[in-house]
Amino acid sequence: MTTNPPRQEGRPDGERIAKLLARAGVASRREVERMIEAGRISIDGKVLDTPATIIPNLNGVTVDGKPVGKPQPARIFCFHKPAGLLTAERDFSGRGTIYDALVNALPKDAPRVMPIGRLDINTEGLLLMTNDGELKRAMELPSNAIPRTYRARAYGDVTQSQLEDLMDGITIEGVRYGPINANMERKTGRNQWIEMTITEGKNREVRNVLEYLGLEVNRLMRTEYGPFTLGDIKRGLAVEVPQNDVERYRKQTLRAQKKP
């Protein structure tokens, strides 16, 4: 017979403030920790100095002096990111960001949203946006192996056999990339469209792998992320995922994450 270990005396009930604020859509856990370091978060008027703070709820918590509202239901928007925009909230050099486009792409009642994963400035296609920091983190974790599918137009010569070898994984300049499902879609001269599905989402993974094979990527588009697809969403626009689908997927994802 097993028994639960006794709760440490004096240890408060609740959860870490970073997790609660992420769930409320304030920011990701990592960003919340940076906000705490910057002195932007307070509890009952006292500036917080550690992200290890455990609280039962967000009563009395303020960010930049503004009270934090109750967590809203998780929402996901499928945004067709155009090339040329940074996946960032702001850019001090004046370059355009996804939030410049989202001002007109999201409905008026949309909450503050954060990107799930990133697309570099020259990559277009599906970028998921959510108000749920916990779901964002779960979908980004490489250990959860959520598939992302891309279509790349590349110049150069490559064979289907070379692409199939990527299922064994590949090491490039000391970085190990896991299995990649890659297939030639069509070829015109020395330009070809290649579809690639990855599960780790490492920085510039698709570009790095194709360049290692001697190809020059001249267009890259993400078409799928988990069960969500770009479909026929027009560039620069966003479509909201039905609430029932979001809740069902959120429960499945967080439940899978907690399994040993």
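Analysis parameters
Residues numbered from 1 in each chain as written. Predicted model: local features only at pLDDT ≥ 70, side-chain atom pairs only at ≥ 80, totals over all residues. Heavy atoms only, no water. Pairing = 2+ DSSP bridges. Helix = DSSP H or I, 4+ residues; strand = E, 2+ residues; numbered from the N terminus. Polar contact = N/O pair within 3.5 Å; in protein donor to acceptor, adjacent residues only side chain to side chain. Contact = heavy atoms within 4.5 Å. Buried < 20%, exposed > 50% of the residue type's maximum accessible area, 1.4 Å probe, protein only. Phe/Tyr/Trp six-rings, centres within 6.5 Å; stacked < 30°, edge-to-face > 60°. Lys NZ or Arg CZ within 6 Å of the ring centre and 35° of its normal. Core = buried A, V, L, I, M, F, W, Y, C linked by side-chain atoms within 4.5 Å. Salt bridge = Lys/Arg side-chain N within 4 Å of Asp/Glu carboxyl O.

1. With respect to the sheet that holds strand S6 (residues 66-67)
With antiparallel pairing, the 4 strands of this open sheet are ordered in space as S3-S2-S5-S6. Where the open sheet ends on each side, the last strands, each with one partner, are strand S3 (46-47) and S6. Bridge count between strand S5 (residues 61-63) and S6: 2 bridges; the pairing is antiparallel. Counted as the bridge partner of Val-63 is Lys-66 from S6.

2. With respect to the side chain of Arg-151
Note on placement: Arg-151 falls in strand S10 (residues 148-155). Side chain to side chain, Arg-151 and Glu-185 meet in a polar contact 2.8 Å long. In contact with Arg-151, not counting residues within four places along its chain, are Glu-185, Arg-186, Trp-193, Ile-194, Arg-219, Leu-220, Met-221 and Thr-223.

3. Brief notes about the environment of Tyr-249
Relative to the elements of secondary structure, Tyr-249 occurs in helix H7 (residues 243-258). The buried category is assigned to Tyr-249, whose relative accessible area is 12%. When the C-alpha atoms of Tyr-249 and Leu-135 are compared, they prove to be 9.5 Å apart, with 114 residues separating the residues in sequence. Not counting the four nearest positions on each side in its chain, Tyr-249 is found in contact with Leu-135, Met-139, Ile-146, Pro-227 and Phe-228.

4. Side note on the environment of Gly-201
Among the secondary structure elements, Gly-201 is positioned in the loop between strand S14 (191-198) and helix H6 (205-212). On a C-alpha basis, the gap between Gly-201 and Val-61 in space is 34 Å, while along the polypeptide they are 140 residues apart.

5. As for unusual backbone geometry
A positive phi angle is found at Asp-44, which is not glycine, with a value near 50°. Residue position: Asp-44 is located in the loop between strand S2 (41-43) and S3. The class of Asp-44 is exposed, set by a relative accessible area of 66%. A positive phi angle, near 55°, is found at Arg-204, a position not held by glycine. Relative to the helices and strands, Arg-204 is located in the loop between S14 and H6.

6. Considerations on the packing of aromatic side chains
Counted under the stated rule, the structure contains 1 aromatic pair. When the centroid spacing of 5.2 Å and the interplanar angle of 80° are considered together, the rings of Phe-228 and Tyr-249 count as edge-to-face. Here Phe-228, found in strand S16 (residues 228-229), pairs with Tyr-249, found in helix H7; they are 21 residues apart in sequence, far enough to count as distant. Of the two residues, Phe-228 and Tyr-249, neither departs from the other in class, the shared state being buried. The lysine or arginine in question, Arg-151, covers the ring of Trp-193, its NZ or CZ lying 4.3 Å from the ring centre. Positioned over the ring face of Tyr-177 is Lys-202, at 5.6 Å from the centre of the ring.

7. Observations concerning the nonpolar core
Within the largest apolar cluster, 34 residues are counted, with the highest numbers of intra-cluster contacts made by Phe-79, Met-129, Leu-166, Met-196, Val-209 and Leu-210. For this core, the secondary structure elements donating two or more residues are strand S7 (76-81), helix H3 (98-105), strand S9 (124-130), S10, strand S11 (170-172), S14, H6 and strand S15 (216-225). Element by element, the count of residues in this core is highest for H3, at 4 residues.

8. Re the side chain of Thr-253
If you trace the backbone, Thr-253 turns up in helix H7. If we skip the residues at most four places from it in the chain, Thr-253 touches Leu-135, Ala-138 and Ile-146.

9. Some thoughts on the pattern of salt bridges
On inspection of all chains with the given rule, the structure shows 22 salt bridges. Between Arg-90 and Glu-89 there is a salt bridge whose closest N-O contact spans 3.8 Å. Taken together, the shared-partner salt bridges in this structure form one network comprising Glu-15, Lys-19, Asp-132, Glu-134 and Arg-250.

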